[in-house]
Amino acid sequence: MNIKCKPFPEASAAPADVGALRELVRRMERGDGSVSARGLTLGCQALDDALPEGGLPLGRVHEILGPARSDVRDAAAFGFTTALLALLMEARPHEGPVIWCPRSANLLGGALYTRGLAGLGLDADRLILVETRDEAERIWALEEALSTKGVLAALAELDPVRAGKRDDRTGRRLQLAAERSGVTGFLLRPRMATASGPAARATTHVESRWQVSAAPSPLAPHDTRPVWSVMLERAKRARRMTSEPCRIAWDPEHLSFSEVVGRPTEVAHDSPVPDVRGDRHYDRVA
Amino acid sequence: MTVSHENSPQSRRILSLWLPRFATERRDIETPDGRPQVLTRAERGRLVLTAVDGHATAAGLEPGMALADARAMEPDLVVDEWSMEADGARLRDLARWCLRYTPLVSLDPSSSCVSGTIGGDAGVWLDVTGCAHLFGGEEAMVADLVNRLAGLGLTAHAALAGTPGVAWAIAHLAAPARGWCVVPDGQERAAIRDLPTVALRLPAADVEALERMGLRTAGHLMDLPRGPLTARFGIEPGRRIDQALGRIGEPITPLAPPAPHRVRFGLPEPIADREDLAHGVRRLLARMCARLERERAGFRRLRIDFFRADGSTRSLSLSTGRPARDPEALFRLIDGKLDHLDPGFGVDVMVLEGEWVEGTVSHQRDLAGATAAGRDDEAVSALLDRLTNRLGPTRVHRPLPVESHLPERAETRAPAQSPARWKTAAMPPVPRPIRLLSRPEPVAAIALLPDHPPARFQWRGVDYRVARAAGPERVAPEWWRSGSSQTRDYFRVEDDEGRRFWLYREGLVERGQAAAWMMHGLMA
C-alpha cells in the first residue's frame, strides 16, 4: 500500500519569527491584545542593553530600592526615580500628570522639595502629590491612579519590608492594573536594615527591581551632575543581568544618563582637610 | 395715617416659633428626671434662677428669683448651671431642623438662649412665604411643626402672620391652648390691638413709661398721633408699630443663605435602610442634574441634608474638581459616604443643595463620540475627585512656586485642579535639594577656616567626612518680614560615600559673628 503522507510544516522557524511569536504569546497571556509599547530608552548603554526591548518597559510596575533608611540620609533613590520620571515626561509630552504618593508620616528625611525635583529636569507642572495616612491608603491611591487611563505614571513611597512578610497579591494587582491602562508604576522603598536576602524581597510581581545608592562622584569638581550607583537586580525577560552595580551620572539639562568610570575624586583620608575645589561664587540675592 | 397701607395685600408670610422652656426642656429630653429643675447663674454675688421647668413653675418658682428663696419654697430641686453657649448650639441644631419647612430660618435675637437674658426661652423665625402648599396649607404646616416639637417633649407656641412683629406678638402673648394660630393676611392690626405694649418688642423701660401714661395696649399706641408719640418716647415705639403693620420692612437674617440650586424630597414615612436612602439620593441627583443639563452647569460642591425624625439633621458634602452633572458618577462618589451616615430612627426629608455651581464648557465631540484626549482628561479629573473625596480636601495637591529666596518659603501647595505655574517661575541658578527638612537642624561642624565649607560634621549622631564641597551661595534674610533669620551661606557637600547634603552657615563670619552650621536638605 502506498500511502502518501502529508509532510509536516517546516519545524525550524527563522529567528525573527520566533521573536514575533514570543510577542504574540505575551500578548495572549495578557489577554487584551494590546501591542506593548516600546520601552523607555534610558540612554545609557549598560542599562539599556540589559533591559528587554532596549529600555524600561512602560505600563508596568517597577520597584526601586534605596539603601536602608535611605529617606533619612541618602536621597539617591529619590533622585534616580525623579530622573526616570523626567525622561518619561519628556518622551510623552502630551500625556497626563504624574501622581506621587509620598510617605509623609516620616518627616525625618524632610519633605519633597519641588524646586529640587524641577532642577533634575522633572516638569513640576505635571506633578500631583497625594498625602495619605498610612501605607494601605497609599497602595489604594496608587492602584486607583494605575487604573486610570490618562495618568502618565504613579509612584508610591513604601515602608521597608519586614523580614518574612511577603505580599504577592498586592504586587500582582498593581501590575495588572498598570498593564490594563498603560500607566507606568513605581514603588520606592528603602531596603530592610539588615537582610537583603530573599525574605526581604516583597513584591515578586514587579517588572523590574533596581537598587540605587549614593556613589562618590568621579567627575570634575565643577561638574554638578549627580552620580548614583545603580544595579538592576532583576527584570522580567531581561537580556542580561547587571549583577555589578554600575555608576551612572544624570544630566538634568539634556535629560540623559551616562555611565561614568574612574576613581572617585581623591579623598584626603589622613587629614581632616577636605579637597575643596568648589566654585566659590557668591550669589548675592535678596 | 392711612388705612389703605395696612390692608394692602401682603406677600410675606412669617412664622414665629417660641419655645418658652427650651433651656430646661432640652435637658429633660437628654437626662429625664421627674423632679423640678432650675438653672442658675451667679449675679451680684448670689445665684439667680435663669430658667425653670414646668414642675418648678407649678411650685411657684419663676426666673429671676434667688436660688436661696427658691429652695425655701421647694426643697427638692435639681439645680444646674445655665450655659448659654450649649443652649445656643442646641437651638441652632433645632433651627437647622426647621430648614425642612423653608430655606429661610433665623434665630430670634431677643430670646434668652441667644441674647443671654434671664428666662430660658428660645425663638426661631421661619419665612414660609410660598412654602405652605407643600405641607397641605398654612394651618396644616403650623400644626405639623408644633405637634412634632411636642412629640419631642418641647412646649412650642407658633404663630403665622404677615409680618415678623405680629407673628412674634401672637406666639408670645396670645397663643391659643392648642399652641398655634394663623393670622389671616391683612388682619395684623386687629390681631395685636388688644395685646399689652410688650407685644411690640419694646425695651422694658419704655413699657414702664408707657404704662405710667396709661397706654397699656398696642391699640392705644397705634391710635396716638405719631408726632407727640415720637417726641415723648423716641423713635422706637413708632418703628415697632410700622414693622408690625408692614409699613416698613423687617428683614430676617437667615442662618445660611439659601442656594438657588435646591431640591427637596419629602417622604411619607421615615426611612432608615441604606438602600432606601441611596434611592432617595439618586432621585435628588437625577432631578437636579436634569436641571443643570438645561442650564449647562455642573456641581463643584454639593450638600445633602438628611432631616431625621428625631429633630436633628445629618449632612454629606462632596466636591469635584470640575463641574459635574452625571448623576451616576456623582452617586458613586456619595455612595461610600452613605455607610457612615447615621439615620437614627429614620429620615423623613432629604434636601440637596448645590453650594457651588459652575458653568461647563462642552467638549467638541467627534463622530465616534468623544475625543480621546478629552476622555483621558475626564478620567484624570474623576481620579482626583475620588482621591480627594476619600482622603480629604487638603491631601491631594500640586506644588506651586512662591517668589522667595528663602528655600523654605519658596513653594506652597494648592488644590490639584488649580492652574500650574512652574513654567514662569524663576529657578535658582544652582541645584537645590530634592528633600528639604521641615526645619533646619543644627550640625556640629569643623571647618578649616571660618569661611570654608566644613571638613567634617556630625548630624543626628553620625560623623560624616566631607570629600567634595561647592559654594557658598549667599541667601540674605527677608528684612521686610518680622522674625527673619540671619544671612545664610549654603554649601553643597558630598561625603566620602557619595551622600550629598545641603548645609548652611548662619551669621556673617567675615564680620566676626559667631557661625552656626545647619543641615537643611538632601541633594539627589
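Residues numbered from 1 in each chain as written. Chains lettered and ligands numbered in written order. Predicted model: local features only at pLDDT ≥ 70, side-chain atom pairs only at ≥ 80, totals over all residues. Heavy atoms only, no water.

Describing the overall build of chain A
Inference 1: Looking only at helices and strands, one finds seven helices and ten strands in chain A.
Inference 2: Relative to its full complement of 286 residues, chain A shows a buried share of 52%.
Inference 3: Across chain A, contacts joining residues at least 24 apart in sequence account for 72% of those joining residues at least 6 apart.
Inference 4: Surface accessibility of chain A: about 13,400 Å² in total, with carbon and sulfur atoms responsible for 54%. (Helix = DSSP H or I, 4+ residues; strand = E, 2+ residues; numbered from the N terminus. Buried < 20%, exposed > 50% of the residue type's maximum accessible area, 1.4 Å probe, protein only. Contact = heavy atoms within 4.5 Å. Areas by Shrake-Rupley, 256 points an atom, 1.4 Å probe, with all protein chains shown as cover.)

Brief notes about the sheet that holds strand β13 (residues 396-401) of chain B
Inference 1: Spatial ordering of the open sheet is given by β10(A)-β9(A)-β8(A)-β7(A)-β1(A)-β6(A)-β5(A)-β2(A)-β4(A)-β13(B)-β14(B), a layout of eleven strands whose pairing is mixed. Bordering the open sheet on either side are β10 (256-259) of chain A together with β14 (411-415) of chain B, each of which pairs with just one other strand. Strand after strand, the sheet turns through a mean of 30° between neighbouring axes, direction not considered.
Inference 2: Where strand β4 (residues 127-130) of chain A lies against β13(B), two bridges are found, and the strand directions are antiparallel. Following the sheet pairing, A:L129 is matched in β13(B) by B:H397.
Inference 3: The strands touched by helix α4 (residues 76-91) of chain A within the sheet are β1 (61-66), β2 (98-101), β5 (153-157), β6 (184-190), β7 (208-214), β8 (227-235), β9 (246-251) and β10 of chain A, with β6(A) carrying the most contacts at an inclination of about 170°.
Inference 4: Across the face of the sheet, helix α6 (residues 135-146) of chain A comes into contact with β1, β2, β4, β5 and β6 of chain A while running at roughly 170° to β5(A). (Pairing = 2+ DSSP bridges. Axes fitted to C-alpha atoms, helices over the stretch in contact; angles between N-to-C directions.)

Considering unusual backbone geometry
Inference 1: Positive phi values are uncommon outside glycine, yet A:L255 reaches one of about 50°.
Inference 2: Its location among the elements puts A:L255 in the loop between β9 and β10.
Inference 3: The phi torsion at B:R201 lies on the positive side, around 55°, for a residue other than glycine.
Inference 4: Within the element layout of this structure, B:R201 appears in the loop between α9 (188-192) and α10 (204-212).

Notes on the packing of aromatic side chains
Inference 1: Inspection of every chain in the model, using the stated rule, returns 13 aromatic pairs over all chains.
Inference 2: Residues B:F491 and B:W517 carry aromatic rings whose centres are separated by 5.6 Å and whose planes lie at 45° to one another, so their mutual orientation is tilted. A residue pair is termed long-range when its members are at least 10 positions apart, and B:F491 in strand β18 (residues 488-495) and B:W517 in strand β20 (residues 516-522) qualify at 26 residues. Judged on exposure class, the residue B:F491 and its partner B:W517 are both buried.
Inference 3: Aromatic rings pair up to connect A:F80, A:W210, A:W228, A:W250 and A:F257 into one cluster.
Inference 4: One residue, B:R300, lies across the ring of B:W356, its end atom 4.3 Å from the ring centre. (Phe/Tyr/Trp six-rings, centres within 6.5 Å; stacked < 30°, edge-to-face > 60°. Lys NZ or Arg CZ within 6 Å of the ring centre and 35° of its normal.)

Structural notes on helix α8 (residues 164-173) of chain B
A turn of α-helix holds 3.6 residues, and therefore any two residues three or four places apart point the same way.
Residue and element names in this part refer to chain B.
Inference 1: When you tally the buried positions in α8, you get nine out of ten residues, the bulk of the element.
Inference 2: Here α8 has its buried residues at P164, G165, V166, A167, W168, A169, I170, A171 and H172.
Inference 3: Buried residues belonging to α8 abut β1 (14-19), β6 (122-127), β7 (157-161), β8 (180-182), α9 and α13 (236-245).

Side note on the sheet that holds β8(B)
All names here are of chain B.
Inference 1: Taken together, the five strands give an open sheet; going across it, the order is β5-β6-β1-β7-β8, and neighbouring strands pair in mixed fashion. The sheet terminates laterally at β5 (105-107) and β8, the two strands that pair on one side only. If you compare each strand with its neighbour and ignore which way they point, the axes differ by 15° on average.
Inference 2: In this sheet, β7 lies alongside β1 in antiparallel orientation, the contact comprising five bridges. By the bridge assignment for β7, L15 is matched with L160.

Let's talk about the packing of helix α2 (residues 22-30) of chain B against helix α5 (residues 84-97) of chain B
Residue and element names in this part refer to chain B.
Inference 1: The N-to-C vectors of α2 and α5 enclose an angle of 80°; their axes lie 10 Å apart at closest approach. Taken together, the axes of α2 and α5 lie roughly perpendicular to each other. Contacts from F22, A23, R26, R27 and E30 of α2 reach α5 at A86, D87, R90, L91 and L94.
Inference 2: Residues belonging to the contact of α2 with α5 are distributed by class as follows: five nonpolar, no polar and five charged. (Parallel < 35°, antiparallel > 145°, perpendicular 65-115°, else oblique. Nonpolar A, V, L, I, M, F, W, Y, C, P; charged D, E, K, R; others polar.)

Some details on the interface of chain A and chain B
Inference 1: Taken together, the 73 residues of chain A in the interface contact 74 residues of chain B.
Inference 2: Taken together, the two surfaces of chain A and chain B that pack against each other cover about 6,400 Å², and 56% of this comes from carbon and sulfur.
Inference 3: On the chain A side of the interface with chain B, the three residues burying the most area are A:R73, A:Y113 and A:R115, jointly 14% of the side's total.
Inference 4: B:K423 is paired through a salt bridge with A:D123; the nearest N and O atoms lie 3.5 Å apart.
Inference 5: Linking chain A to chain B there are 21 residue pairs in polar contact (both at pLDDT 80 or more). (Buried area = accessible area lost by both parts, 1.4 Å probe. Salt bridge = Lys/Arg side-chain N within 4 Å of Asp/Glu carboxyl O. Polar contact = N/O pair within 3.5 Å; in protein donor to acceptor, adjacent residues only side chain to side chain.)

Re the state of the cysteines
Residues and elements named next belong to chain A.
Inference 1: Scanning the entire structure with this criterion turns up zero disulfides over all chains.
Inference 2: With no disulfide of its own, C246 lies closest to C44 among cysteine sulfurs, the gap being 4.9 Å.
Inference 3: Judged by its relative accessible area of 7%, C246 is buried. (Disulfide = S-S within 2.5 Å.)

Section: the pattern of salt bridges
Side-chain pairs of opposite charge can arise whenever the charged atoms involved come near each other.
All names here are of chain B.
Inference 1: Inspection of the entire model under this criterion finds 59 salt bridges over all chains.
Inference 2: In this structure, R282 engages E328 in a salt bridge whose closest nitrogen and oxygen atoms are separated by 2.8 Å. Here R282 is found in helix α14 (residues 274-295), whereas its partner E328 is found in helix α15 (residues 327-338), with 46 residues between them in sequence.
Inference 3: Three or more residues are tied together by salt bridges with common partners; here these are R26, R27, E30, D80, D87 and R90.

Quick look at the confidence of the model for chain A
Inference 1: Chain-level statistics for chain A give a pLDDT mean of 76 and a share of 70% at 70 or above.
Inference 2: Throughout residues 267-286 of chain A the model reports pLDDT below 50, and contacts reaching past four residues in sequence, or to other chains, amount to 49 contacts. (pLDDT = per-residue confidence, 0-100.)

Brief notes about the side chain of B:E74
Inference 1: By the element assignment, B:E74 lies in the loop between α4 (67-73) and β4 (78-81).
Inference 2: B:E74 has contacts with B:P36, B:A59 and B:L61, leaving out every residue within four places of it along the chain.

Here we look at the nonpolar core
Inference 1: A:L42, A:F80, A:W210, A:W228, A:F257 and B:F457 are the most contacted members of the largest nonpolar core, which has 63 residues in total.
Inference 2: In terms of residue count, α4(A) provides more of this core than any other element does, eleven residues in total.
Inference 3: For A:W210, the residues in contact, after removing those within four places along its chain, are A:L42, A:L47, A:L51, A:L56, A:E63, A:I64, A:L65, A:F80, A:V230, A:M231, A:L232 and A:E233.
Inference 4: Residues B:L17, B:W82, B:A122 and B:L154 belong to the second largest nonpolar core, which totals 40 residues. (Core = buried A, V, L, I, M, F, W, Y, C linked by side-chain atoms within 4.5 Å.)

Quick look at the pairing of β7(B)
Residue and element names in this part refer to chain B.
Inference 1: Among the five residues of β7, four are classified as buried, and the element is accordingly described as predominantly covered.
Inference 2: Direction of pairing for β7 relative to β8: parallel, over a ladder of three bridges. Across the sheet, the residue bridging to L160 is V182, located in β8.

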